[in-house]
Structures are given as C-alpha cells and as structure tokens.
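Notes for the structure review
Residue strings, one per chain:
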Amino acid sequence: MMTPSLLGPTALERLNRARADLRIGLPVVLSHHAIVAAVETLTPERLAAMASLGPLTLGLTSWRAETLKARVYDGDLARIEVPAGADLGWLKALADPADDLMTPMKGPLSSQRGGDAAIARSAIALTKSAQLLPAVLIVEAPGDVPDSLTCLDAAEVERLLAMETVLDPVSAARVPMSLAHNGRLHVFRPEDGGEEHYAVEVGSPDRGEPVLTRLHSACFTGDVLGSLKCDCGPQLHAALEHMNSAGAGVLLYLNQEGRGIGLANKMRAYSLQDQGFDTVEANHRLGFEDDERDFRIGAALLRRMGISRVRLLTNNPKKVKMLESHGIEVVERVPLKVGKNPLNAAYLATKAAKSGHLL
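Please read all numbers here as calculations on a predicted model, not as lab measurements.

Re the overall build of the protein chain
The number of helices and strands found in the protein chain is 14 helices and 13 strands. In summary, the protein chain has a C-alpha radius of gyration of 22 Å against a globular reference of 21 Å for 359 residues, a match within 12%. Every one of the 359 residues in the protein chain was classed for burial, and the buried ones make up 50%. Considering only contacts in the protein chain between residues 6 or more positions apart, those separated by 24 or more positions represent 67%. Looking at the protein chain as shown, the accessible area adds up to about 16,600 Å², and 55% of this sits on carbon and sulfur atoms. Side-chain charges of the protein chain comprise 39 positive and 43 negative groups, with the mean position of each set lying 5 Å from the other.

Focus: helix α12 (residues 296-304)
Burial of α12 is extensive: 7 of the 9 residues sit out of reach of the surface. Here α12 has its buried residues at Arg296, Ile297, Gly298, Ala299, Ala300, Leu301 and Leu302. The first or second residue beyond α12 is glycine 306, which carries a positive phi of 75°.

A word on the sheet that holds strand β9 (residues 197-203)
Spatial ordering of the open sheet is given by β7-β8-β9-β11-β10-β12-β13, a layout of 7 strands whose pairing is mixed. The two strands at the open ends of the sheet, each matched to only one other strand, are β7 (167-174) and β13 (329-334). Strand-to-strand twist in this sheet, taken as the mean axis angle between neighbours without regard to direction, amounts to 25°. With 3 bridges joining them, strand β10 (residues 211-217) and strand β12 (residues 309-313) adopt parallel strand pairing. Each residue of the ladder has a partner; that of threonine 213, found in β12, is leucine 312.

Describing the UniProt feature "binding site: GTP" (unreviewed entry) in the protein chain
Within the UniProt annotation, "binding site: GTP" (unreviewed entry) is assigned to Arg214, Leu215, His216, Ser217, Ala218, Gln235, Glu257, Gly258, Arg259, Thr279, Thr314 and Lys319. Separation in sequence by 106 residues is matched in space for these annotated residues, since their most distant C-alpha atoms are 22.7 Å apart. Assignment of secondary structure puts arginine 214 in strand β10. For arginine 214, the contacting residues outside a window of four places in its chain are Gln235, Ala239, Met243, Val250, Leu251, Leu252, Leu313, Thr314, Lys319 and Leu336. Of note is the side chain of arginine 214, whose polar atom sits 2.9 Å from the side chain of glutamine 235. The topology assignment puts glutamine 235 in helix α8 (residues 232-246). Glutamine 235 sits in the buried class, given a relative accessible area of 7%. Excluding its chain neighbours within four sequence positions, the residues that come into contact with glutamine 235 are Arg214, His216, Asn315, Leu336 and Val338.

As for the nonpolar core
In summary, soluble globular proteins display a tendency toward joint burial of nonpolar side chains. Counting 27 residues, the largest nonpolar core has Leu42, Met50, Leu58, Leu91 and Leu137 as the members making the most contacts within it. Of all the secondary structure elements, the ones that give two or more residues to this core are β2 (34-38), α2 (44-51), β3 (56-61), β4 (77-81), α4 (88-95) and β5 (135-140). By residue number, the principal contributor to this core is α4, which donates 4 residues. Every residue in contact with methionine 50, bar those within four places of it in the chain, is listed here: Ile35, Ala37, Leu42, Leu56, Leu137, Ile138 and Val139. The next biggest cluster of nonpolar side chains, apart from the first, holds 24 residues, and it includes Leu77, Ala123, Leu132 and Ile138.

Looking at the pattern of salt bridges
Counted by the stated rule, this structure contains 19 salt bridges. Here aspartate 76 ties to arginine 121 by a salt bridge, and the two come within 2.8 Å at their closest N and O atoms. Here arginine 121 lies in helix α5 (residues 118-129) and aspartate 76 lies in the loop between α3 (62-67) and β4, a separation of 45 residues in the sequence. Look at aspartate 76 and you get partly exposed, because its relative accessible area is 39%. Salt bridges sharing partners connect three or more residues here, namely Arg64, Asp100, Lys106 and Arg285.

Some thoughts on the packing of helix α1 (residues 11-23) against helix α6 (residues 154-162)
One way to put it is that α1 packs onto α6 with a least axis distance of 10 Å and a crossing angle of 95°. The angle between α1 and α6 falls in the class roughly perpendicular. Two secondary-structure elements touch here, α1 through Ala11, Leu12, Arg14, Leu15 and Arg19 and α6 through Glu156, Val157, Leu160 and Leu161. Of the residues belonging to the contact of α1 with α6, the class tally is 6 nonpolar, no polar and 3 charged.

Conventions and cut-offs
- Residues numbered from 1 in each chain as written.
- Predicted model: local features only at pLDDT ≥ 70, side-chain atom pairs only at ≥ 80, totals over all residues.
- Heavy atoms only, no water.
- Helix = DSSP H or I, 4+ residues; strand = E, 2+ residues; numbered from the N terminus.
- Rg over C-alpha atoms; globule rule 2.2 N^0.38 Å.
- Buried < 20%, exposed > 50% of the residue type's maximum accessible area, 1.4 Å probe, protein only.
- Contact = heavy atoms within 4.5 Å.
- Areas by Shrake-Rupley, 256 points an atom, 1.4 Å probe, with all protein chains shown as cover.
- Lys, Arg positive; Asp, Glu negative; His and termini not counted.
- Charge placed at Lys NZ, Arg CZ, Asp CG, Glu CD.
- Pairing = 2+ DSSP bridges.
- Axes fitted to C-alpha atoms, helices over the stretch in contact; angles between N-to-C directions.
- UniProt positions renumbered as here; feature names shortened; annotations may be inferred.
- Polar contact = N/O pair within 3.5 Å; in protein donor to acceptor, adjacent residues only side chain to side chain.
- Core = buried A, V, L, I, M, F, W, Y, C linked by side-chain atoms within 4.5 Å.
- Salt bridge = Lys/Arg side-chain N within 4 Å of Asp/Glu carboxyl O.
- Parallel < 35°, antiparallel > 145°, perpendicular 65-115°, else oblique.
- Nonpolar A, V, L, I, M, F, W, Y, C, P; charged D, E, K, R; others polar.

Here it is, written out as structure tokens:
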C-alpha cells in the first residue's frame, strides 16, 4: 500500500508553492525559524503580525541598497534594521524606486554587520524567482512556526534555484504562420512548475547539420503590441523570415520577459526610463542585475530536440558563450540587425555599450 508521505510535496514542489505564496502575500518559513514575506505583496495585518514576533529585518540587494545609500556589508545584499513602528509605506518606499526622485531621503538606514546573511540571500533569490521586487521582510520566530506556512531550508532554496531546469515536451502541432507557412509549435513544461517555454520549428531541420536557431526572449510589448521602445518584435519577425527563406530553422520562444524580471517589473523599469535612467540603471534601481535570464533553458531545449550544432541568429556574444558552455556547438553567429528607430536608439546604444551586443 502506498504510504501517505509519498503524496506530499517534494522539495522542488515546495519551492514552487513558496513562490505562489509570496505572490499572494503569504509568508514562508526558511530553515525552520525565519518567517519571510515579500514586501511588494505584504499587507498591514501581516506586517503587524510579524512585528509582534520580534525585531524585523529588511533584505535588499546591493544594487537597491547602494541606490538608497545604505551600507552593504554582505557583498551582494544588505540587511536593514527596521525601526520600531515603521509602517508598510516606509517598507514599500525602500523596496520600490517609483518615487525615489520625489523623496530621495529615506534614511538614516542602519545595516546589520556580522552574523549569517544566508536567510536573507535565499529569501531574495526566492522572491526574484517569483518575479517580485527583490525586497524581503524577515523575522526570527521565537517559537514554533505555523504549520500552515510553506517551509524550506535556506540552503535547499539556493541549491534548487541553481539547478538546470528540466523540461518535458507537452504537445506539438502544425501552425502555419504568415512569415513561415511550414511551422510547427512545440510546448515544453518545466518540472519545477515554472513558465512553459516554446519552440517554433520551421520546415524539417536536419539534426546532422548546424541548425539555424534563434533564442528569443518573450516581449509582450514588442512582439504583441509592436512597441517602438525595443527591437524585439522586428527581431522575432526577421528570424522567422530568415528561417523560412533558408527552408528550415528553430526559434526558441523563452518566457523570460524583461530580461527575466517579468512584465510588471519591466513596466517599472520603463517608468524609470521615463525619468531619465537607461535600461541597466533602471534594473539596478529596482534591485535586479543587468540581465536575470537563464539561458541554460535554451541549451536544454535544443538538447531535448536533438540539436547539438547551431547557426545562431543573435547580436549577443553572451548567448554564444552560454550555449557552448552547455554543450551546444555554435558553428556561426548570424547577425540580426533590424528594428532601429528614433524611439529605441538610446536603448540599443545601451545594449551595445553596457551589455556587449554587437550592433
């Protein structure tokens, strides 16, 4: 007879449950004693409940802390002591840079020095993976934590997030497109419960030869709305046209919107760009790295499709290095220089100067 324990969630399933909890404003427990909440979705009631348990700590990435002029003693993050009586508005002002220019003075802020930053580091990584602002509220529980909260070990979170995503094929069907009539769409689902990713197969690529390939990150604003702030839509269309002309190719459509920070945070970055910051500066003010995408997913998808050698349609040398470091031979880099217009010229200049794109 199957034991009841086998029906319970695995560590990977608990990780995905924790992401969902944080997104709806529910705290999670790390390493049995630390209660953690995402500031973005925190409510006044849960803030009060956490404050009743003991001193609160606000975890921020070093990028966000530097913007706030807070001291960074933990390398990649800062642990800020939350003053007694601080309200949710105070916390959200530190987490969200939307009003930084209107209220630049948010201190003085006192950063913790010494002690273990592992809980804060794991909590920030978990919040990033949930595509929330990387700002977390932490309290050490004085006794037993509620059984109803999702519990994870901090080291386990880091290990699971560092693992390469395992992708399983779900379905595939013929999809004639205006730019490539002989198309077939494959849907892949990750085992960690994250976003599904897609592969558009044009024609019948010969796996024995280098396959014309494009790794395209989802861009709702550019691909769907035709936004002129980026070159994503024109790149998507040009790649499909190129594959159609060549007779075969594979376009991987990776659901990593906004360089991996999600559409909501991408719109926050756009708002900061309207205040005068470039793409990279906006990401840093939000607390993110220049690029949060995991391009290992692209390599995993290609291997899943039996492709080991590619002619890569890209202007980004980092994609070439990433694929080659994960067992995919890039025989040729095929430039894809399209979509420049007066509204995205500065954006493209930033990609070239700060992200190394060959434009």
